[in-house]
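# Structural description and commentary
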Amino acid sequence: MKIQTLLLTLITSCSISACSFLNFWGGEPEKPKIDDKTLCSSKKEIITNHTYIPSFEACKRLSEQGDLNATYVLGLLYTDTEILTSFLDPATRVDEGIAMVKKAADGGVTAAQKTLGTYYADEKGNYQEAAVYLQKAADRGDTDALIDLGTVYENLEQCTDAVKTYQKEIAKNGKNADGYFYLSLLYVSGCKDLKKDLNNACGYFALAQESQIKNTILQVLEYESQTGAAKNKNSVTNALKVIHEYEVKNPQKCQAAKIKLTK
């Protein structure tokens, strides 16, 4: 009788989820199965959760079923050299991953279009192709792609197009716009089809300081100081020195430019 009472007490004193007959006799509750979509949600989630192998396998299954978002994530896994050396077959090539990203981009995956555009610009120096994919991403609502597209136009020396692109980003993001900062830098140096204009440079930088990207500016300056890039005459650090010196000598002009640019 005492044994029966003890068993009854143990069984009824815990919830079904926390304590089952299986647990009581030393078994483990079955863990809920994570579906492929969750495992292949994003590269960031995969890295955060350290689910490299199951996520890779999930992405591969989904990709083979025609899921372009999965194809994109799988492509990112293929192109990450650290992940490649950690668990993927050494025969795997980064080019395969880029081909997957391109397939997803051509299929309309916005993130893949932006990734491919920045890849063409930063890794290949193919700014014409970069502009094509970044424009596609921008057309699908990716405002960050507008900033990347603007810098691509600068590299193509199509700076009037760069100005228009940065202004589009400003129109979409307002106080959160990075475009103010990039326009200020662009007007310091000028370009093939855009005259140097320190009034505009000063006015846009004043707007950038008021925006919520102030920390971004500080991070760029810190990065340049740490890497030695500030010694380059075309660096952001030197551009902002030019703006500051102009502002000290022409405070009224800068204020007038700022007011004019907000209209």
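Details of the structure are given in the entry above.
Quick look at the structure, then. The structure presented is a predicted model; accordingly, all values stated were derived computationally and were not measured.

Cut-off values and rules
Residues numbered from 1 in each chain as written. Predicted model: local features only at pLDDT ≥ 70, side-chain atom pairs only at ≥ 80, totals over all residues. Heavy atoms only, no water. Helix = DSSP H or I, 4+ residues; strand = E, 2+ residues; numbered from the N terminus. Buried < 20%, exposed > 50% of the residue type's maximum accessible area, 1.4 Å probe, protein only. Contact = heavy atoms within 4.5 Å. Areas by Shrake-Rupley, 256 points an atom, 1.4 Å probe, with all protein chains shown as cover. Expected span 1.5 Å × (residues − 1). Core = buried A, V, L, I, M, F, W, Y, C linked by side-chain atoms within 4.5 Å. Salt bridge = Lys/Arg side-chain N within 4 Å of Asp/Glu carboxyl O. Disulfide = S-S within 2.5 Å. Phe/Tyr/Trp six-rings, centres within 6.5 Å; stacked < 30°, edge-to-face > 60°. Arc of directions from axis to C-beta.

### Re the overall build of the chain
What the chain contains, in helices and strands, is 17 helices and zero strands. Buried positions account for 38% of the 263 residues belonging to the chain. In the chain, the share of contacts with a sequence separation of at least 24, taken over all contacts with a separation of at least 6, comes to 46%. Summing over all exposed atoms, the chain offers an accessible surface of approximately 16,100 Å²; the carbon and sulfur share of this is 52%.

### Quick notes on helix H10 (residues 127–139)
The terminal C-alpha atoms of H10, which comprises 13 residues, lie 18 Å apart, in line with the 18 Å expected from a rise of 1.5 Å per residue. For H10, the full list of buried residues reads Ala130, Ala131, Tyr133, Leu134, Ala137 and Ala138. For H10, the secondary structure elements touched by its buried residues are helix H8 (94–106), helix H9 (110–124) and helix H11 (143–155). Looking one or two residues beyond H10, the residue adopting positive phi is Gly141, at roughly 100°.

### Side note on the nonpolar core
Counting residues in hydrophobic clusters, the biggest one holds 66 residues, and the most contacted among them are Tyr72, Leu116, Phe181 and Leu240. Apart from residues lying up to four places away in sequence, Leu240 is in contact with Phe181, Leu185, Phe205, Ile217 and Leu221.

### Comments concerning the pattern of salt bridges
Going through the model one piece at a time under the given rule, you end up with seven salt bridges. Asp80 is the partner of Lys43 in a salt bridge, and the nearest nitrogen-oxygen pair spans 2.8 Å. With Lys43 in helix H4 (residues 43–49) and Asp80 in the loop between helix H6 (68–79) and helix H7 (81–86), the pair connects residues that are 37 residues apart, well separated along the chain. With relative accessibility at 23%, the residue Lys43 sits in the partly exposed group.

### Concerning the state of the cysteines
One way to say it: the disulfide is the covalent bond shared by the sulfur atoms of two cysteines. Applying the stated rule across the entire model yields three disulfides. Note that Cys40 is cross-linked by a disulfide to Cys59, the S-S spacing being 2.0 Å. Looking down the S-S bond of the Cys40 and Cys59 bridge, the torsion is 110°, so its handedness is right-handed. Here Cys40 is found in the loop between helix H3 (36–39) and H4, whereas its partner Cys59 is found in helix H5 (residues 52–64), with 19 residues between them in sequence. Residue classification places Cys40 among the buried residues on the basis of a relative accessible area of 6%.

### Structural notes on unusual backbone geometry
Negative phi is the rule for most residues except glycine; trans is the rule for most peptide bonds. Residues other than glycine seldom take positive phi values, yet His50 does so here, at roughly 55°. The residue His50 is located in the loop between H4 and H5 in this model. Among the residues examined, His50 registers a relative accessible area of 60% and is labelled exposed. Despite not being glycine, Glu157 shows a phi value in the positive range, around 60°.

### A closer look at the environment of Gly107
Among the secondary structure elements, Gly107 is positioned in the loop between H8 and H9. For the pair Gly107 and Leu68, spaced 39 residues apart in the sequence, the C-alpha separation amounts to 7.0 Å.

### What about the packing of aromatic side chains?
Using the criterion set out here, one finds six aromatic pairs in the structure. Aromatic side chains Phe56 and Tyr78 sit 5.8 Å apart centroid to centroid with 40° between the ring planes, which places their arrangement in the tilted category. You can see Phe56 sitting in helix H5 and its partner Tyr78 sitting in helix H6, a full 22 residues away along the chain. Residues Phe56 and Tyr78 agree in their burial class; the two are buried. Seen from their ring centres, Tyr119 and Tyr120 are 5.9 Å apart, and the 55° between their planes marks the pair as tilted.

### With respect to H5
When the terminal C-alpha atoms of H5 are compared, their 18 Å separation across 13 residues agrees well with the 18 Å that a helix rising 1.5 Å per residue should span. Along H5, the residues classified as buried are Ser55, Phe56, Ala58, Cys59, Leu62 and Ser63. Viewed end-on, H5 has its buried residues packed into an arc of 165°, placing them on one side of the element. Buried residues along H5 sit against H3, H4 and H6. With its phi angle positive at about 100°, Gly66 sits one or two positions after the end of H5.

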